[in-house]
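Breakdown of the fold
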Amino acid sequence: MSATLRLPAVLARAAGGTTVHEVRGATVGEVVAEVAGRFPELGTRLRDARGEPYPYVMFYLDDEDIRFQQGFATPVPDGAEIVVVPAIAGG
Amino acid sequence: MSIGRPTSELPELSREEILRYSRHLIIPEVGVEGQRRLKAARVLLVGAGGLGSPNALYLAAAGVGTLGIVEADVVDLTNLQRQVLHGTKDVGRKKLESARERIRDVNPHVKVIAHDAWLTSENALEILSGYDLVVDGTDNFATRYLVNDACVLLGKVNVYGSIFRFEGQSTVFCTADGPCYRCLYPEPPPPGMVPSCAEGGVLGILPGLVGLVQATEAVKLITGVGEPLVGRLLLVDALGMEFRTVKLRKDPRCPACGTREIQALIDYQQFCGIRGAEPEQPPDGVPTITVGELDARRRRHEDFDLVDVREPHEWEIGRIEGARLAPLSTFAEALRTFDSARDLVVYCKSGQRSAKAVRQLQEAGFRRVWNLEGGILRWAEEIDPTVPRY
């Protein structure tokens, strides 16, 4: 399935400086693996050594938090948009 | 949702206040009752920095009757690029003093309660309990979890905002049925993974944008107007100038607002993995050199290499004469161009990144390497005042 991955600027630095990426994968986890293959440094920022999501980097599939669906196993519909939201604390 | 008291208990407005707030009073959704609700409201600002500044100014102007401010810091020149509550004349003064003075000028009807302290697990419940609503404008994860847990325990609404570089996040946490900060982020990132604004920078205007989203939400919650930002996380992207919201859900497994297993405040420094005091302490086993020793070696014309591991945009700001640039981000590639037979002194802004570089050099077999303690900041402070501080 083809989808759009939207990164915040802080993570885009690890993805060639681009915030919006065309990605492929049947699940969110596959999408993350695919983009991590292209940008290994980004991969380490999106998932831990076991391939699981971090508790401080959230994934929204069409604006819904994947933790309340099937996590990285959540299916990605064609044309979906995945937004990555990392915790920031500046004030 | 409208915070505060029954209409019959709301304070009256004076003639001067009626004139001052006339542009509010003629909006039917606000009106006299809404303005009286604002006057009755007690809002606590945690932090009078980037986010706290626009909140303080606009909430005061809007007529919030009582503004508490928790802040122990003094105004620094580097604050003024975004902390519009403070002015050039205030550099070196306590932020609480300049805040009080500025708010009095904006609106003398506002009662300012100054809490001259950092918010801690020991004082948070007592301080927060005196307010209707909390505006989180802190700058670190530990205090954000502390503010959240205290709000959950006390049943106070937490108007949240955070910023980094060009991006911000805002939402309203801890309403009766809404999610809390731990529902969104169950655990903090490890220390050092997410840079602070002091380390990574922030566009000065951004806290204005995000802080005013918080202030807007505070006014809406107090007056009971509109749809509060509950269950929605607003993402602000100043570069693309895009605002979007994603859905936030209350997590039934959340230890704070779900299972309620958190029944008292904890040690938030420990929770965030911060070991004791002196977060600036470089890792053990890294040989160091003081700025005085480096200066002496230079004066004796000793033969050694000086390496600056900051990024090119920092190098542009200023550098120690005679250094060569080898940014930490690409240090592995630069490493093979160094001569392990020569003495090597490595520096960065404050000594953290250069300690990592020294580690990499040690792992690559370099034996005569030293980390400059306190980095270029201390060099500017103690040795060469012509090097700009940033």
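Report on the accompanying structure. (Residues numbered from 1 in each chain as written. Chains lettered and ligands numbered in written order. Predicted model: local features only at pLDDT ≥ 70, side-chain atom pairs only at ≥ 80, totals over all residues. Heavy atoms only, no water.)

1. Section: the overall build of chain A
Just so we agree on the cut-off: Think of it this way: any DSSP run of H or I at least four residues long counts as a helix, any run of E at least two long counts as a strand, and we number them from the N terminus. Radius of gyration: C-alpha atoms only; globule rule: 2.2 Å multiplied by the number of residues to the exponent 0.38. When accessible area is computed with a 1.4 Å probe and restricted to protein chains, residues below 20% of their type maximum are described as buried, those above 50% as exposed, and intermediate ones as partly exposed. We call two residues in contact whenever any of their non-hydrogen atoms come within 4.5 Å of each other. Under this rule, positive means Lys or Arg and negative means Asp or Glu; His and the chain ends count for nothing. A charge is said to be at NZ when it belongs to Lys, at CZ for Arg, at CG for Asp and at CD for Glu.
Of regular secondary structure, chain A possesses three helices and five strands. Across chain A, helices and strands are ordered from the amino to the carboxyl terminus as β-α-β-α-α-β-β-β. In summary, chain A has a C-alpha radius of gyration of 12 Å against a globular reference of 12 Å for 91 residues, a match within 12%. Judged by the C-alpha coordinates and their principal axes, chain A covers about 35 × 25 × 25 Å. The buried share among the 91 residues of chain A stands at 55%. Contacts in chain A between residues at least 24 apart in sequence constitute 47% of all its contacts with a sequence separation of at least 6. Taken as two groups, the 8 positive and 12 negative side-chain charges of chain A have centres that lie 8 Å from each other.

2. Focus on the pairing of strand β2 (residues 66-70) of chain B
Residue and element names in this part refer to chain B. Worth spelling out the cut-off: With the strands aimed away from the viewer, a crossover counts as right-handed if its path from the first strand over the helix to the second runs clockwise. Being paired, for any two strands, means DSSP has found at least two bridges between them.
Counting buried positions over the five residues of β2 gives five, a clear majority of the element. Following the backbone out of strand β1 (residues 42-46), through helix α4 (residues 52-62) and into the adjacent parallel β2, one traces a crossover that is right-handed. As judged from the five bridges shared by β2 and strand β3 (residues 111-115), these two strands associate in the parallel manner. Bridging from a neighbouring strand, Thr 66 pairs with Lys 111 of β3.

3. Description of the side chain of Lys 349 of chain B
Residues and elements named next belong to chain B. The test is simple: Any carboxyl oxygen of Asp or Glu within 4 Å of a side-chain nitrogen of Lys or Arg constitutes a salt bridge here. We call two N or O atoms a polar contact when they sit within 3.5 Å, provided that within protein one can donate a hydrogen and the other can accept it, with sequence-adjacent residues counted only if both atoms are side-chain atoms.
Looking at where Lys 349 falls in the secondary structure, it is placed in the loop between β12 (344-347) and α15 (352-363). Glu 314 provides the closest opposite charge to the buried, salt-bridge-free Lys 349, at an N-O distance of 5.8 Å. One polar contact links the side chain of Lys 349 to the main-chain carbonyl oxygen of Tyr 390, over a distance of 3.2 Å. The contact partners of Lys 349, leaving out residues within four places of it in the chain, are Ala 198, Arg 310, Glu 314, Gly 374, Gly 375, Ile 376, Leu 377 and Tyr 390.

4. Examining the sheet that holds strand β4 (residues 64-65) of chain A
Residues and elements named next belong to chain A. This is how it is decided: What counts as an axis is a line fitted to C-alpha atoms, over the stretch in contact for a helix, and the angles between N-to-C directions run from 0 to 180 degrees.
With mixed pairing, five strands are arranged side by side in an open sheet as β2-β1-β5-β3-β4. Both edges of this open sheet fall to β2 (20-24) and β4, since each of them pairs with a single strand only. Here strand β3 (residues 57-61) runs beside β4; their pairing, made up of two bridges, is antiparallel. If you follow Tyr 60 over to β4, its bridge partner there is Asp 65. Running at roughly 115° to β2, helix α2 (residues 28-38) makes contact with β1 (2-6), β2, β3 and β5 (81-86) of the sheet.

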